2 protein chains.
Amino acid sequence: MDMLWNGWGDPAKAAPLPDAVTGVLRDLLGVKPHSTGAPALEDISVPEPALEPAVFGALADAVAGEAQVRTDAESRVRHTRGKSTPDLLLIRAGDVTDVPEAVVLPATHDEVLAVLRACARHGLAVVPFGGGTSVVGGLAPQRRAFVALDLRRMDGLLDLDPVSRTATLQPGLRAPHAEALLAEHGFTLGHFPQSYEWATIGGFAAARSSGQASAGYGRFDDMVLGLTLATSRGTLEIGRAPRSAAGPDLRHLVLGSEGAFGVITSVTVRIRPVPQVRVYEGWRFASFEEGAVALRRLAQDGPRPTVLRLSDETETLIGLAQPDAIGSADARQGAGCQAIVGYEGTEEDTSHRRERAAAVLRESGGVCLGAEPGERWAHGRYSAPYLRDALLDVGAFAETLETATFWSRVPALYSAVRTALTDTLTRAGTPPLVMCHISHVYENGASLYFTVVSAQGEDPVAHWTPAKHAANEAVIAAGGTISHHHGVGTDHRDWYVREAGVLGVEALRAVKDRLDPDGLLNPGILLPLD
Amino acid sequence: MDMLWNGWGDPAKAAPLPDAVTGVLRDLLGVKPHSTGAPALEDISVPEPALEPAVFGALADAVAGEAQVRTDAESRVRHTRGKSTPDLLLIRAGDVTDVPEAVVLPATHDEVLAVLRACARHGLAVVPFGGGTSVVGGLAPQRRAFVALDLRRMDGLLDLDPVSRTATLQPGLRAPHAEALLAEHGFTLGHFPQSYEWATIGGFAAARSSGQASAGYGRFDDMVLGLTLATSRGTLEIGRAPRSAAGPDLRHLVLGSEGAFGVITSVTVRIRPVPQVRVYEGWRFASFEEGAVALRRLAQDGPRPTVLRLSDETETLIGLAQPDAIGSADARQGAGCQAIVGYEGTEEDTSHRRERAAAVLRESGGVCLGAEPGERWAHGRYSAPYLRDALLDVGAFAETLETATFWSRVPALYSAVRTALTDTLTRAGTPPLVMCHISHVYENGASLYFTVVSAQGEDPVAHWTPAKHAANEAVIAAGGTISHHHGVGTDHRDWYVREAGVLGVEALRAVKDRLDPDGLLNPGILLPLD
């Protein structure tokens, strides 16, 4: 099934806003709910594809048939940009300036190589397309014309080694499909980001994704043991051992490269047995600071839960920690900050960890709220993007951004980003609600995930841009990373360049120049144009 | 204190071979013990340094004084090559073909930059020198003339953040000194490779070192949160968060780069509280295969000990798992394979892990040998290189090599390397003892560490070379990595190039060309000359 072209996910799952949210929007943010009346897909005016017959033929040859080269308007609109709020606002406004000339669907690694060769010959740029869930402008290259290389036909489980506990997956596999294939053998990947239902294995690798159960299963880049990369100059295969001292770890040159060096055509990952038990519970802390200390204690001294998240006071009050219960009396009961703490594994292991972690959480001031908030979180864990659609539908603005740093810098980073967002949007006449949670923890630091809701303003994209830039500036100034798990794309690129530094960017540019000498792949994404 | 110039470590710790070993050498390997009568340092004939006065002056200016530019024969001999067995055999034979023209001792990052600039101006190559413990030819560049850049004066603790549990260390710090500085604050790094007593922080990072307690503390590259690199083109600073999705993880471009891109001038590492408890015990398994399954179970399903090692039948029989007890009745008691299992941490955590791990080990066929073998191992854990010196002294040959792969390939890799070494040396008339242990475990695989002992043959370096090459071929053919923790240097380079592949090498070459455009740094080390 295709994702909703101008919003998130499965259109059948769209839900109207709860009355309580409408009340918050009206009373707190001055949003006057109204339908924004976006156009239908067939009403969007898409320019003819700039594709000579010879080029179309070359692409069709590369993928063994014209059926796998789509130039119809619907296919092209469906591959225009990703799923950031600005992306949705633009497509809802009928803006298709970033439309690909064609959508090409290779079935094999060799077909990917052939597409790259054909594009090199004809000067076409190439944008690899997995789930299309980028929220950082990762699908809007800065050079025209381009083809979207949709990897959906490469969706197989190539190999599974139960002794080594490894599996080799194709890049176009969506995460639920990958989990289903692994579950047939009793295994799980354990990677559950909010984009889980739609995102793909190749995308997780290219963007260094991190899932909601990262405390237990690790980040996606922790799971990757091997990779195959199709480049304009041939194939790069990486991964002969779990770890090595044979030169720099080349896996980490491909992970996070966001399609700028080549197209990931297979990923070998670590797999684990499907857990016998999954328990999620709610905890409450008097303050974000107190809760953060509790999370830090668990991250540093253990035992490590599988899921560990903490909402700040505002997010707890609004109840965004449980999107299904927003505005309900249940979500608002009590003050302070809510944490979700989850355990997955064997019966014995989870009960041991849960008991000892509970002692640490209590010692740190936590009050257990029992299983219900945990179950609610688990039930609604992938639904926040649907809520965003509903907010946009009634004329509100909603967007998220995220960062990470070392523990001692977390309070200052939290405060700096909140202030930047609040001040900028307030000055622009749309005072926002800024909510935050700690979404991923490490021994040495944590990530902060911010959600902003406000009135839209006249031109919503132009209205948001200064706030987003102010948040990026605040992140860099406070010593944070410009992205903990969304990636760089085009939206973060100018700040990423400052984070990586002149020589960091030059090193990556050197790699790109060598592997993609014609600059075909994702021009302007991750790295600036020359 | 300086390390022994023609052997390992502290000359005061040298010990004669136990009689039992002499017996093994004579009866099993046909070694006729005799003193090899190596020359004294002052008898070695060292050519005059090829250093014009202007060049000497430029170097002295870079490090603020002539005293920090050493051109005397002793300093230069002490910086000639590393500590592989061929390195020791060559220097004992008075071979100083790889001698540096000078030893330069910078005190700061800026002085390192200045030295690189001076060397670029005068066409001198530069070889960064930490502990000088390379066993892969990592200090013998393939371009003359060069200076050894000895980092011993950069040996400070620059910063310690007890909240984030991070410390920033200078590269010339030897590991015991780093541990002492951290212990003043109640912390440990937890990195204890066999080279521990002499190796440095910068070397650990440059070569992707792995310590004996890696099951608990992780590898050195797991510990690194940030790095500063001095290059010919300026400074690269990396590390704003424990983890990030902002592009490829540049830390992993520097880790393992073996000085080919730049000089590491600071390393920010994860630190942990000094453990309350350290317990090491011995276990015995009927076979290497049975023991490996037990280790795999602990690595995959936990609980994870801090130290986890398993000797094969031969190594167990000889008793190399406990170098202090070699040949003793104690070391030989019982058949099968000995494992060392250690726990470090809090009282509660270690006792819980120990109890549950013991159950797994027993279920897997293990028999607990109690604390004594563990204590013996801990006592002798850094002494194997002294034993090698004693073997070389009496005319025997001893060398080690190591690799890693995924669990399902471990048996074939083990067998292939053993066969390659045994066959080659037997054909050459010196049938060897080949011993092996699993030294590091991961969820998805393990490393194999081989020790070879034989008679020396006429020209011992020439005698060993075909066996080493055969082992390298076997590693690559069996799907292993050419090095799990020793690195590439010059000895593994030609096989590393095959492991990394054409595009992998080209990507790294592109980085080198950009950061070190004159090719000054470690020419021919890691990457082949152009």
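Note that the structure is a prediction, hence the values are computed from the model and not measured.

S.K.: Can you walk me through the pairing of strand 8 (residues 224-231) of chain A in this structure?
M.R.: In the case of a regular strand, side chains alternate between the two sheet surfaces. Residues and elements named next belong to chain A. Counting buried positions along strand 8 gives eight out of eight residues, so the element sits mostly inside the fold. Bridge analysis of strand 8 against strand 10 (residues 263-270) gives six bridges, and the strand direction is antiparallel. Each residue of the ladder has a partner; that of L227, found in strand 10, is V267. One ladder, built from five bridges, connects strand 8 with strand 9 (residues 234-238); its direction is antiparallel. Paired with L229 across the two strands is L236, which belongs to strand 9. In this antiparallel pair of consecutive strands, strand 8 and strand 9, the connection spans two residues.

S.K.: Would you mind going over the UniProt feature "binding site: substrate" (unreviewed entry) in chain A with me for this structure?
M.R.: All names here are of chain A. Feature annotation in UniProt assigns "binding site: substrate" (unreviewed entry) to the following positions: R388. The topology assignment puts R388 in helix 16 (residues 384-393). In this structure R388 comes out as buried when scored by relative accessible area, which is 10%. What R388 contacts, discounting residues up to four positions off in sequence, is K83, S84, T85, L88, A398 and E399. Separated by 2.6 Å, the side chain of R388 and the backbone oxygen of K83 make a polar contact.

S.K.: Can you help me understand the packing of helix 18 (residues 460-477) of chain A against helix 19 (residues 493-515) of chain A in this one?
M.R.: A pair of packed helices is characterised by two quantities: the angle between their axes and the separation of those axes. Residues and elements named next belong to chain A. Interhelical geometry of helix 18 versus helix 19 gives an angle of 10 degrees and a closest axis separation of 10 Å. Considered as vectors, helix 18 and helix 19 are oriented roughly parallel to each other. Side by side, helix 18 and helix 19 meet where H469, N472, E473 and I476 of the first sit next to W495, R498 and E499 of the second. Residues belonging to the contact of helix 18 with helix 19 are distributed by class as follows: two nonpolar, two polar and three charged.

S.K.: It is not clear to me how the packing of aromatic side chains should be interpreted in this structure. Could you clarify?
M.R.: How two aromatic rings sit relative to each other is set out by the distance from centre to centre and by the angle between their planes. In the structure shown here, the tally under the stated rule is 16 aromatic pairs over all chains. Of the aromatic side chains, those joined through ring pairs into one cluster are F192, Y196, Y217 and Y382 of chain A.

S.K.: Help me out: how do you make sense of the pattern of salt bridges in this one?
M.R.: A side chain of one charge can pair with a side chain of the opposite charge if their charged atoms are brought near each other. Scanning all chains against the criterion turns up 66 salt bridges over all chains. A salt bridge links E348 of chain A to R356 of chain B; the nearest nitrogen and oxygen atoms lie 2.8 Å apart. Remark: R356 of chain B occurs in helix 14 (residues 347-363) and E348 of chain A occurs in helix 14 (residues 347-363); the pair is interchain, linking two chains. Using a relative accessible area of 47% as the deciding quantity, one classes E348 of chain A as partly exposed. Among the ionic pairs, D494 of chain B bridges to R493 of chain B, the shortest N-O distance being 3.4 Å. A residue is classified by how much of its surface remains accessible, and R493 of chain B, at 9% relative accessible area, is buried. Within this structure, R208, R219, D221 and D222 of chain A together with R243, D249 and R251 of chain B form a network of salt bridges that share partners.

S.K.: Hey, could you run me through the sheet that holds strand 18 (residues 445-455) of chain A in this one?
M.R.: Within a beta sheet, neighbouring strands are joined by backbone hydrogen bonds and run either parallel or antiparallel to one another. All names here are of chain A. Across the sheet, which stays open at both edges, the seven strands sit in the order 15-12-14-13-17-18-16 with antiparallel pairing between neighbours. What marks the edges here is a single partner per strand, and that holds for strand 15 (367-370) and strand 16 (396-406). For this sheet, the mean angle separating the axes of adjacent strands, direction not counted, is 25 degrees. In terms of strand pairing, strand 12 (residues 277-285) meets strand 14 (residues 337-345) through nine bridges, oriented antiparallel. Among the inter-strand pairings, G282 is bridged to a residue of strand 14, identified as I340. Against the sheet, helix 1 (residues 19-29) contacts strand 16, strand 17 (433-441) and strand 18, and its axis sits at roughly 80 degrees relative to strand 18. Its contacts with the sheet put helix 17 (residues 410-427) on strand 16, strand 17 and strand 18, and the angle it makes with strand 18 is roughly 15 degrees.

S.K.: Just checking my understanding: could you explain unusual backbone geometry for this structure?
M.R.: Among all residues except glycine, the phi angle is most often negative; among peptide bonds, the trans geometry is most common. All names here are of chain A. Going from R144 to A145, the amide bond is cis rather than trans, its omega being -10 degrees. When you line up the elements, A145 lands in the loop between strand 3 (125-129) and strand 4 (146-150). P303 follows G302 through a cis peptide bond whose omega is -5 degrees. With a phi close to 55 degrees, R165 is a non-glycine residue in the positive phi region. Locating R165 in the fold gives a position in the loop between strand 5 (157-161) and strand 6 (166-169).

About the thresholds
- Residues numbered from 1 in each chain as written.
- Chains lettered and ligands numbered in written order.
- Predicted model: local features only at pLDDT ≥ 70, side-chain atom pairs only at ≥ 80, totals over all residues.
- Heavy atoms only, no water.
- Buried < 20%, exposed > 50% of the residue type's maximum accessible area, 1.4 Å probe, protein only.
- Helix = DSSP H or I, 4+ residues; strand = E, 2+ residues; numbered from the N terminus.
- Pairing = 2+ DSSP bridges.
- UniProt positions renumbered as here; feature names shortened; annotations may be inferred.
- Contact = heavy atoms within 4.5 Å.
- Polar contact = N/O pair within 3.5 Å; in protein donor to acceptor, adjacent residues only side chain to side chain.
- Axes fitted to C-alpha atoms, helices over the stretch in contact; angles between N-to-C directions.
- Parallel < 35°, antiparallel > 145°, perpendicular 65-115°, else oblique.
- Nonpolar A, V, L, I, M, F, W, Y, C, P; charged D, E, K, R; others polar.
- Phe/Tyr/Trp six-rings, centres within 6.5 Å; stacked < 30°, edge-to-face > 60°.
- Salt bridge = Lys/Arg side-chain N within 4 Å of Asp/Glu carboxyl O.

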